[in-house]
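In case you want the letters, here they are:
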Amino acid sequence: MKYCLYLLSFFLMLPLCSKAEDITVKRERVFTGTGLYGFMNGGADLFLEYGVQKLTTRDLVYLDEEYILDIYEMPTPEDAFGIYSVHTFKCIEADRGEGINCLSAYQLQCVIGNQYVSLVFTSGSDKAKANADQVMAFFTADLNKDEVSFPEQIAIPKPYSGVVKFLRGQISLSAACLSLATLLKEIPYTCVWLLPSEEQDEKYALICFDNKEKVTETGKKMEKKDVLSKGEDWLYVRIREDKQIEEDYGPFGF
């Protein structure tokens, strides 16, 4: 099942900055591959786990407010959503319009095609927040519009931001759900879609593999009642997480 989950249609309803000179680009830098280490220090490993290909970062001024715009080019829209999903929580507003987006006190984040885009407004002022959409739209209007494909097994209504996580490896998985990371430590998997449960100390997970044998192997390590459904290359399971683990490792505390 596919959803039209890019933010562009929402931004196009907004008045764009009238002239390019309205925005001052104080500095622009481009990083690729392991070059991220020099820019992000310890945070680069997480982005590299999702296969980040390029980062373009700009320091901006618009209407006397300062912004930092980061555009991360990822291999797929799913990877863009994944790195976005582990950076979004406590949204003031989520998934406005037809897009995947999260507005918080000092930041507007979104997924557009295979790009994860972050716009930080360092003052946190009402003025900076009110103009964030226009700044974002100006720099993202030409980005591709590929859709994020959500598996049918996890079909849920919006908002997705702050609810669904897409996890590529042990770094992201360990921070999101340590008990599942422990379960899969010795088992190769291609990705995990993680969703909340009605119960506080459990989650649902769609685990994807590249062969049927790994499905069987993983299922044998779990209680039968926690394997909710399965297919040729996937398992949909319930994961119980110790409350103390949740408090220690909960959502990414960036």
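Parameters at a glance
Residues numbered from 1 in each chain as written. Predicted model: local features only at pLDDT ≥ 70, side-chain atom pairs only at ≥ 80, totals over all residues. Heavy atoms only, no water. Helix = DSSP H or I, 4+ residues; strand = E, 2+ residues; numbered from the N terminus. Buried < 20%, exposed > 50% of the residue type's maximum accessible area, 1.4 Å probe, protein only. Contact = heavy atoms within 4.5 Å. Areas by Shrake-Rupley, 256 points an atom, 1.4 Å probe, with all protein chains shown as cover. Salt bridge = Lys/Arg side-chain N within 4 Å of Asp/Glu carboxyl O. Phe/Tyr/Trp six-rings, centres within 6.5 Å; stacked < 30°, edge-to-face > 60°. Pairing = 2+ DSSP bridges. Core = buried A, V, L, I, M, F, W, Y, C linked by side-chain atoms within 4.5 Å. Axes fitted to C-alpha atoms, helices over the stretch in contact; angles between N-to-C directions. pLDDT = per-residue confidence, 0-100.

Asks: An account of the overall build of the chain is requested, with residue identities and associated values reported.
Replies: A count of helices and strands for the chain gives nine helices and 12 strands. Looking at the 254 residues of the chain, the share that counts as buried comes to 50%. Counting contacts in the chain only where the partners sit at least 6 residues apart, residues at least 24 apart contribute 63% of the total. As displayed, the chain has an accessible area near 12100 Å², and 50% of this comes from carbon and sulfur atoms.

Asks: Go over the pattern of salt bridges, please, and point to the residues and values.
Replies: Inspection of every chain in the model, using the stated rule, returns 11 salt bridges. Salt-bridge contacts for Glu223 lead to Lys225; the nearest nitrogen and oxygen are separated by 3.8 Å. What you see here is one network of salt bridges that share partners, running through Glu93, Arg96 and Asp133.

Asks: Mind laying out the side chain of Thr56, listing which residues take part and the relevant values?
Replies: Note that Thr56 resides in strand β2 (residues 54-62). Not counting residues up to four positions away in its chain, the partners in contact with Thr56 are Glu28, Arg29, Val30, Leu69, Asp70 and Ile71.

Asks: Which residues make up the packing of aromatic side chains, and what values go with them?
Replies: For any pair of aromatic rings, geometry is given as the distance between the ring centres together with the angle between the planes. A full pass over the atoms with the stated rule returns 14 aromatic pairs. Consider the rings of Tyr72 and Tyr116, whose centres lie 5.5 Å apart with planes at 15 degrees: the pair is stacked. Placement of Tyr72 in strand β3 (residues 65-73) and of Tyr116 in strand β7 (residues 115-121) is noted, with a sequence separation of 44 residues between them. Taken as a pair, Tyr72 and Tyr116 share a single burial class, namely buried. The interplanar angle of 45 degrees and the centroid separation of 5.3 Å between the aromatic rings of Phe150 and Trp193 together place this pair among those described as tilted. Of the two residues, Phe150 is situated in the loop between α5 (126-140) and β8 (165-167) and Trp193 in strand β9 (residues 191-196); the sequence distance between them amounts to 43 residues. The structure contains a cluster of three or more aromatic residues connected by ring pairs, namely Phe47, Tyr72, Phe81, Tyr84, Tyr116, Phe150, Tyr160, Phe166 and Trp193.

Asks: So what about the pairing of β9? Which residues, and what values?
Replies: Within β9, five of the six residues are buried, leaving the element largely enclosed by the surrounding structure. Pairing of β8 with β9 involves three bridges; the strand directions are antiparallel. Paired with Phe166 across the bridge in β9 is Trp193. In this sheet, strand β10 (residues 202-208) lies alongside β9 in antiparallel orientation, the contact comprising six bridges. Looking at β10, one finds that Val192 is bridged to Ile207. The hairpin turn running from β9 into β10, its antiparallel successor, is five residues long.

Asks: Would you mind going over helix α4 (residues 77-85) in detail, with residue names and values included?
Replies: In terms of burial, α4 is a largely internal element, nine of the nine residues being buried. Turning to α4, its buried residues are Pro77, Glu78, Asp79, Ala80, Phe81, Gly82, Ile83, Tyr84 and Ser85. Each element contacted by the buried residues of α4 is listed here: α3 (44-49), β5 (100-103), β6 (107-112), β7, β8 and β9.

Asks: Account for the nonpolar core, with residues named and values stated.
Replies: With 54 residues, the main nonpolar core has Phe81, Phe150, Leu180, Val192, Trp193 and Ile207 as its most contacted residues. Membership of the second largest hydrophobic core comes to 19 residues, among which are Ile23, Leu60, Leu108 and Leu119.

Asks: Hey, could you go over the sheet that holds β10 for me, with residue numbers and the actual values?
Replies: On the basis of which strands lie adjacent, the open sheet formed by five strands has the order β8-β9-β10-β12-β11 and antiparallel pairing. Strands at the two margins of the open sheet, each flanked by one partner only, are β8 and β11 (227-230). Geometrically, the sheet is characterised by an average inter-axis angle of 20 degrees between neighbouring strands, direction not taken into account. In the sheet, β11 pairs with strand β12 (residues 234-240) via three bridges, with the strands oriented antiparallel. Note that in β12 the partner of Lys230 across the bridge is Leu235. Against the sheet, α4 engages β8 and β9, with an angle of about 110 degrees to β8. Strand contacts of helix α8 (residues 212-220): β11 and β12, with the helix running at about 20 degrees to β12, the strand carrying the most contacts.

Asks: Please give an account of the confidence of the model for the chain that cites residues and values.
Replies: When pLDDT drops low, the exact placement of atoms in the prediction is not to be read closely. Chain-level statistics for the chain give a pLDDT mean of 86 and a share of 87% at 70 or above. In the model, residues 1-19 has pLDDT below 50 throughout and makes 58 contacts with residues more than four positions away in sequence or in other chains. With pLDDT under 50 throughout, residues 244-254 is counted as low confidence; its partners more than four residues away or in other chains account for 19 contacts.

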